[in-house]
Amino acid sequence: DAGVTQSPTHLIKTRGQQVTLRCSPISGHKSVSWYQQVLGQGPQFIFQYYEKEERGRGNFPDRFSARQFPNYSSELNVNALLLGDSALYLCASSWGTGRGTDTQYFGPGTRLTVL
Amino acid sequence: AQSVTQPDIHITVSEGASLELRCNYSYGATPYLFWYVQSPGQGLQLLLKYFSGDTLVQGIKGFEAEFKRSQSSFNLRKPSVHWSDAAEYFCAVLVTGGFKTIFGAGTRLFVKA
């Protein structure tokens, strides 16, 4: 089975633009989480979705939004990009309800650079 | 508030030597704790996790970790390091409610021949 896949691999945007990142979970997984990893830091939790509903949200501004589709894939949208949004964005999927006791499987990430 | 501290930004060990990576957490109740590894260009991979029970947890790739409540620590160990272990290691704690995982800043491991 394929692991968690994310697209695109790399992305370059300019300040003020909008970006959409995509994530496909492992087949059979119903929960998807998004994390932001700034260079030199650990991942920061952004969102968690289970069965197309938002179950958790981190301390990120409203410029960040996400959704989950009926096939359990997910998109992360970031509006009005700032230089500080430059980071590796990680997606993780898990089989169960998405509570952290389920093992999370991470994708390779999307590297976003904002100029 | 829950938090995770990894005191060492980077550590260098010789191949074949033992390894201990430190992790301290701040949490009001019995924590759910994790160690992940991230190799360059790769996503995070779970090494091991602690929820309850035996305080010595065995993981993949020969790693183990010991939960010490009195010291609020969850240190990762390996008896003999291989060059392929060079990577970044993250300790993490699950926040109450179960939907949010807080990661430490990471410790980068360098392995010298």
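Refer to the structure printed above.
About the criteria used
- Residues numbered from 1 in each chain as written.
- Chains lettered and ligands numbered in written order.
- Predicted model: local features only at pLDDT ≥ 70, side-chain atom pairs only at ≥ 80, totals over all residues.
- Heavy atoms only, no water.
- Salt bridge = Lys/Arg side-chain N within 4 Å of Asp/Glu carboxyl O.
- Helix = DSSP H or I, 4+ residues; strand = E, 2+ residues; numbered from the N terminus.
- Buried < 20%, exposed > 50% of the residue type's maximum accessible area, 1.4 Å probe, protein only.
- Contact = heavy atoms within 4.5 Å.
- Buried area = accessible area lost by both parts, 1.4 Å probe.
- Nonpolar A, V, L, I, M, F, W, Y, C, P; charged D, E, K, R; others polar.
- Disulfide = S-S within 2.5 Å.

Trainee: Is there a simple way to think about the pattern of salt bridges in this case?
Mentor: A side chain with one charge can pair with a side chain of the opposite charge if their charged atoms come near. Residues and elements named next belong to chain A. As enumerated under the stated definition, the model contains eleven salt bridges over all chains in all. Among the salt bridges present, the one from Glu 51 reaches Lys 30, with a minimum N-O distance of 3.6 Å. With a gap of 21 residues between them, Glu 51 in the loop between β5 (44-50) and β6 (53-57) and Lys 30 in the loop between β3 (19-24) and β4 (31-37) connect regions that are remote in the sequence. You can call Glu 51 partly exposed: its relative accessible area is 27%. Residue classification places Lys 30 among the partly exposed residues on the basis of a relative accessible area of 31%. With its nearest N and O atoms 3.3 Å apart, the salt bridge here joins Glu 75 to Arg 67. According to the relative accessible area criterion, Glu 75 is buried, its value standing at 11%. Each of Arg 22, Arg 67 and Glu 75 takes part in one network of salt bridges that share partners.

Trainee: Looking at this structure, I do not really get the environment of Thr 113 of chain A. What am I missing?
Mentor: Residue and element names in this part refer to chain A. Along the chain, Thr 113 falls in strand β11 (residues 110-114). Sequence separation between Thr 113 and Leu 82 is 31 residues; the distance between their C-alpha atoms is 9.8 Å. Sequence-distant contacts of Thr 113, defined by excluding residues within four places in its chain, comprise Leu 11, Ile 12, Lys 13 and Ser 86.

Trainee: Explanation requested: the interface of chain A and chain B in the structure shown.
Mentor: By convention, interface size is frequently given as the accessible area that disappears when the constituent parts associate. Taken together, the contact pairs 23 residues of chain A with 21 residues of chain B. In total, about 1700 Å² of surface goes out of reach between chain A and chain B, with carbon and sulfur atoms giving 56% of it. Between chain A and chain B we count zero salt bridges in total. Class assignment for the residues of the side of chain A that touches chain B results in seven nonpolar, 14 polar and two charged.

Trainee: Explain the state of the cysteines here, please?
Mentor: Put plainly, a disulfide is one covalent bond tying together the sulfur atoms of two cysteines. Residue and element names in this part refer to chain A. Following the criterion strictly, the structure yields two disulfides over all chains and no others. At a sulfur-sulfur separation of 1.8 Å, the disulfide partner of Cys 23 is Cys 91. The S-S bond linking Cys 23 to Cys 91 shows a torsion near -65°; that makes this disulfide left-handed. Placement of the pair is Cys 23 in strand β3 and Cys 91 in strand β9 (residues 87-94), with a sequence separation of 68 residues. A residue is classified by how much of its surface remains accessible, and Cys 23, at 2% relative accessible area, is buried.

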